[in-house]
Amino acid sequence: MMTAYVEQLLATGAAKACVCGWIEQYHEDFEAAIFLVEGDARGVALPFTAEQVEKLYQS
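Since the structure is predicted, the reported quantities are computational estimates derived from the model, not experimental observations. (Residues numbered from 1 in each chain as written. Predicted model: local features only at pLDDT ≥ 70, side-chain atom pairs only at ≥ 80, totals over all residues. Heavy atoms only, no water.)

S.K.: Before we move on, can you summarise the confidence of the model for the chain with the specific residues and values?
M.R.: Mean pLDDT over the chain: 87, with 98% of residues reaching 70 or higher. Summarising per-element confidence for the chain, the mean pLDDT is lowest in helix α2 (residues 50–58) (84) and highest in strand β1 (residues 17–26) (91). (pLDDT = per-residue confidence, 0-100. Helix = DSSP H or I, 4+ residues; strand = E, 2+ residues; numbered from the N terminus.)

Spelled out as structure tokens, the structure:
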């Protein structure tokens, strides 16, 4: 899943932040979910987990 790859990039220092997400297209319709993930939590940041991504996408 995308969360594991992003976590690896942040943990190894290969990236300080990452824009990730997906786009689903079916004929004329589409849905998109894009997230900015940073290695250092601040403010009202949410943990970047598969469960949290699912919650955000469903809301």
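Now that the structure is up, let's keep going.
S.K.: Please provide a residue-by-residue account of the side chain of T3, values included.
M.R.: Here T3 shows up in helix α1 (residues 2–12). Look at T3 and you get buried, because its relative accessible area is 7%. Here T3 is in contact with F48, T49, A50 and V53, once residues within four sequence places are set aside. (Buried < 20%, exposed > 50% of the residue type's maximum accessible area, 1.4 Å probe, protein only. Contact = heavy atoms within 4.5 Å.)

S.K.: Give a description of α1 that names residues and reports values.
M.R.: Residues three or four positions apart in an α-helix share a direction because the helix packs 3.6 residues into each turn. Within the sequence span of α1, burial applies to T3, V6 and L9. End-on, the buried residues of α1 take up no more than an arc of 130°, which puts them together on one face. Along α1, exposed side chains directed more than 90 degrees from the buried face belong to Y5, A11 and T12. For α1, the secondary structure elements touched by its buried residues are β1, β2 (29–38) and α2. Just downstream of α1, G13 is the residue with a positive phi angle, here 80°. (Arc of directions from axis to C-beta.)

S.K.: Break down the pairing of β1 for me, with residues and values.
M.R.: Alignment of β1 against β2, held across 10 bridges, turns out to be antiparallel. Note on β2: the bridge partner recorded for W22 is A33. The loop that links β1 with its antiparallel partner β2 comprises 2 residues; one of these, H27, has a positive phi angle of about 55°. (Pairing = 2+ DSSP bridges.)

S.K.: Could you give an account of the packing of aromatic side chains, naming the residues involved and the relevant values?
M.R.: Scanning all chains against the criterion turns up 2 aromatic pairs. Both rings, one in W22 and one in F35, keep their centres 6.2 Å apart while their planes meet at 45°; by these two values the pair is tilted. Placement of W22 in strand β1 and of F35 in strand β2 is noted, with a sequence separation of 13 residues between them. Geometrically, the ring pair formed by W22 and Y57 is tilted, given 5.1 Å between the ring centres and 55° between the ring planes. Here Y57 lies in helix α2 and W22 lies in strand β1, a separation of 35 residues in the sequence. (Phe/Tyr/Trp six-rings, centres within 6.5 Å; stacked < 30°, edge-to-face > 60°.)

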